[in-house]
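Residue-level listing of the chains:
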Amino acid sequence: MENRDQLITEVRPSLNLSATESNQHERFQNECLRPILKLQNYVFVLVVEEWLVAHKQILSQQAADKQANTLTHILKTNRALRAQLFGIVCGMMTIAELKFYLLEKSECNRRITSMLIQRLIDQMTSKK
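Source: prediction; values computed, not measured.

### A short note on the nonpolar core
Moving on, step 1. Core analysis: the biggest nonpolar cluster contains 34 residues, and Leu33, Leu85 and Met93 have the highest contact counts within it.
Moving on, step 2. Ranked by residue count, the leading element in this core is helix 7 (residues 105-124), at eight residues.
Moving on, step 3. In contact with Leu85, not counting residues within four places along its chain, are Phe44, Val47, Val48, Leu75 and Leu116.

### Side note on the packing of helix 6 (residues 95-103) against helix 7
Moving on, step 1. Closest axis-to-axis distance for the helix 6/helix 7 pair is 5 Å, and the angle between their directions is 100°. Between helix 6 and helix 7, the angle is such that the two are roughly perpendicular. Residue-level inspection shows Phe100, Tyr101, Leu102 and Leu103 of helix 6 in contact with helix 7, the latter providing Lys105, Cys108, Asn109 and Ile112.
Moving on, step 2. Residues that form the contact of helix 6 with helix 7 fall into these classes: six nonpolar, one polar and one charged.

### Points about helix 2 (residues 24-39)
Moving on, step 1. With 16 residues, helix 2 should reach 22 Å at 1.5 Å per residue; the first-to-last C-alpha distance of 22 Å fits that figure.
Moving on, step 2. Remark: the principal bend of helix 2, roughly 35°, maps to Asn30.
Moving on, step 3. Burial in helix 2 covers these residues: His25, Phe28, Gln29, Asn30, Cys32, Leu33, Pro35, Ile36 and Leu37.
Moving on, step 4. Where helix 2 is buried, its residues contact helix 3 (41-54), helix 5 (79-90), helix 6 and helix 7.
Moving on, step 5. N-cap assignment for helix 2: the residue whose side-chain oxygen lies 2.9 Å from the backbone N of His25 is Asn23.

Rules used in this analysis
- Going along each chain's sequence as written, the residues are numbered from 1 onward.
- Where local features are concerned, this predicted model is filtered to residues with pLDDT of at least 70; where side-chain atom pairs are given and counted, the filter is 80 or more; whole-chain, interface and lining totals use all residues.
- With hydrogens and water stripped out, all remaining heavy atoms of the structure feed into the side-chain values.
- As used here, the term nonpolar core means buried Ala, Val, Leu, Ile, Met, Phe, Trp, Tyr and Cys residues forming a set that is joined through side-chain atoms within 4.5 Å.
- Only protein chains enter the accessibility calculation, which uses a 1.4 Å probe; a residue is then buried when its area is under 20% of its type maximum, exposed when over 50%, and partly exposed in between.
- To qualify as a helix, a DSSP run of H or I must reach at least 4 residues; to qualify as a strand, a run of E must reach at least 2; elements of each kind are numbered from the N terminus.
- Only heavy atoms matter for contacts: two residues are in contact if any of them lie within 4.5 Å across the pair.
- In this analysis, axes come from line fits to C-alpha atoms, helices being fitted only over the stretch in contact, and the angle between any two N-to-C directions falls in the range 0 to 180 degrees.
- Throughout, the term roughly parallel applies to angles under 35 degrees, roughly antiparallel to angles over 145, roughly perpendicular to angles from 65 to 115, and oblique to all others.
- Under the grouping applied here, Gly and all other residues not named as nonpolar or charged are polar, the nonpolar ones being Ala, Val, Leu, Ile, Met, Phe, Trp, Tyr, Cys and Pro and the charged ones Asp, Glu, Lys and Arg.
- Here, expected helix span is obtained from the residue count minus one, scaled by 1.5 Å.
- For a residue, the bend is simply the angle between two axes, fitted respectively to the seven-residue segment ending there and the seven-residue segment starting there.
- Side-chain atoms alone can form a polar contact between residues adjacent in sequence; in general such a contact is a pair of N or O atoms within 3.5 Å, and within protein one must be able to donate a hydrogen while the other accepts it.

Pasting the structure below:
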């Protein structure tokens, strides 16, 4: 498992974030979640785009604010899609990170959802 953990951490992008985190959740977010979200960005966009096509949701036909609301609603309410996205994140965690995630699942999922929503809105909505 050490080899797997080492490989996973080596492949993650380095983010130069300030080290002034005040608690373990912020530290986990900045040291684990943000690099994983950046690394897996294309995968998240692809999965959500495919979901939108499969469910006949056409963002380009909506106003920019409606696009953001649609993405937010989908990511907050669609359990299957959220589970798939969380799985993409968890698959890139080390064993120690996964253990922390499982202990603090509710808070971690809240943070993942919030960051994913913002990331996807920034990339998938038209800026008019």
